[in-house]
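# Summary of structural features
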Amino acid sequence: MPDNHKKSHHGAHPSTAVLTRGFNPHLSVGSARPAVFRSSTYVFSSPEAAERAFDLTSGRVAAEPGETPDLVYSRFNHPNAEILEDQIVPLEDGAEWAVVFNSGMAAIMTALLSCLKPGDSMIYTVPLYGGTQGLIHDLLEPFGVRCVPVMAGRSDQIDQAIASTAGLRAVLMETPANPTMVMTDIRRAVAAASKLPERPVVMVDNTFLGPAFQHPLQLGADIVLYSATKYLGGFSDLLGGLALGNDSELGKKIRVKRGLHGNILQPDECWILDSRLPTVFLRMNRQSKNAQRIAESLVGRPEIRKVYYPTLFDDPEQIRIRLSQCDYSGAMISIDLHGGKPVAFEFLRNIQLARNAVSLGGVETLVCHPKTTIHSGLSPEEMVIAGITDGLVRISVGIEDWRDLLRDFEHALDAAKTVQLSETVPSK
Ligand SMILES: Cc1ncc(COP(=O)(O)O)c(C=O)c1O
């Protein structure tokens, strides 16, 4: 049987490496699972070792080959962060390092601030997660960074913006884009960035499809970003974030900035997140299969104006991008309902198995109304550009039996239909 999987750690496949590397039981009194190291500070073996550890942690000197610096203080690093970072690397195709954060926003902010200073420019695709858009408007722009939006999926516009933006230091893409699933061609943006004399850092928020179905580092991106709160965490019970890449200098810069910002993930949360990694491919495969079946079954329902799901793209360029950069389509669906907000709210009121909550990627199905929740901070113009309508409902599909979920949605659509009808029939 052909075996095209990336192998690492003694030639093992990712699903094996995640369980076998990064943790030595003998350092945890023989326990089969890592201990939780709840200590804010670490005892040095000598004053010289302390001096060396500070030089290494601050990035003032580089480690000798094979040198393991002493731990210093848990805002910089701690064993559970190290174990988690080592174990996630094989799951992300092309990654050599990982840096863990206390949320996805922390990972995005710290990665961007590692590459940008006042006077620099960055390009970002829209639609974008509302929080990231807020970070751009409320932090980066007042800080003096010129932030240029480009339409996700419009490769010609992105090429043009990359070629013509002075002082460009970072390109941030979210693909598929939240909540309309528009895809951006990562390889092509990397090619445009590589033509510049000083190549900007290309970052991809891979929260929706990674690490299972999309591999931006293999397509030439420099940094992959995650809200680990979502599929990596998988159970809607923790917050976390990650940056991964293969350029060691970039990894070092981000790690040093994390020490300054103080936004490393705490030991207990690292331990929990670490225990979720071995099942992330299993969960995402099941969630993606469920979502595809549900999305394709909802097509044709008269209450729905449009189902947004990658296998249902009708634009040839979007189909090309999907086929060229995604293994499977993932578990996020959006539906645009006729009748706007009252109908969308009636739909939400009538779901019984799925829950009306923001966030995504958990084993349980969550449904929300983007316009009044996750994207409510967007300006009316940004809302139109992003394609966020009054009737749009976003669904994060879990691992339940898809037939039960479909029945739940069909029942909620039947209920929403009564509002649609009362809106269209004039009262006497
Ligand atoms: C695509 C995407 N990126 C980043 C984030 C931010 O992650 P967090 O909530 O973990 O800070 C989210 C949160 O919903 C998201 O959907």
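Heads up: the structure comes first, above all this text.
Anyway, here's the lowdown on the structure attached to this text. (Residues numbered from 1 in each chain as written. Predicted model: local features only at pLDDT ≥ 70, side-chain atom pairs only at ≥ 80, totals over all residues. Heavy atoms only, no water.)

## Comments concerning the overall build of the protein
Along the backbone of the protein there are 14 helices and 12 strands. Here the C-alpha radius of gyration of the protein, 23 Å, is about what a compact globule of 428 residues would show, namely 22 Å. Oriented by its inertia axes, the alpha-carbon framework of the protein measures out at about 90 × 50 × 45 Å. Sequence separation of at least 24 residues holds for 73% of the intrachain contacts in the protein that already meet a minimum separation of 6. Just so you have it, the protein exposes about 18,600 Å², and 55% of that area is on carbon and sulfur atoms. Here the protein carries 41 positive and 48 negative side-chain charges, and the mean point of each set is 3 Å from the other. (Helix = DSSP H or I, 4+ residues; strand = E, 2+ residues; numbered from the N terminus. Rg over C-alpha atoms; globule rule 2.2 N^0.38 Å. Contact = heavy atoms within 4.5 Å. Areas by Shrake-Rupley, 256 points an atom, 1.4 Å probe, with all protein chains shown as cover. Lys, Arg positive; Asp, Glu negative; His and termini not counted. Charge placed at Lys NZ, Arg CZ, Asp CG, Glu CD.)

## Some thoughts on the side chain of Gln214
Of note, Gln214 is situated in the loop between strand 5 (201-205) and strand 6 (223-227). We classify Gln214 as buried; its relative accessible area is 0%. Within the structure, the side chain of Gln214 is placed 2.9 Å from the backbone oxygen of Thr175, a separation counted as a polar contact. Only 2.8 Å separates the side chain of Gln214 from the side chain of Asn206, close enough to count as a polar contact. Beyond its immediate sequence surroundings of up to four residues, Gln214 is in contact with Glu92, Thr175, Ile186, Val204, Asn206, Leu209, Gln325 and Cys326. (Buried < 20%, exposed > 50% of the residue type's maximum accessible area, 1.4 Å probe, protein only. Polar contact = N/O pair within 3.5 Å; in protein donor to acceptor, adjacent residues only side chain to side chain.)

## Some words on the environment of Thr311
Of note, Thr311 is situated in the loop between strand 8 (304-308) and helix 11 (316-325). Counting along the chain gives 208 residues from Thr311 to Ser103, while the straight-line C-alpha distance between them is 30 Å. Not counting chain neighbours up to four residues away, the residues in contact with Thr311 comprise Gln292, Glu296, Arg322 and Ser329.

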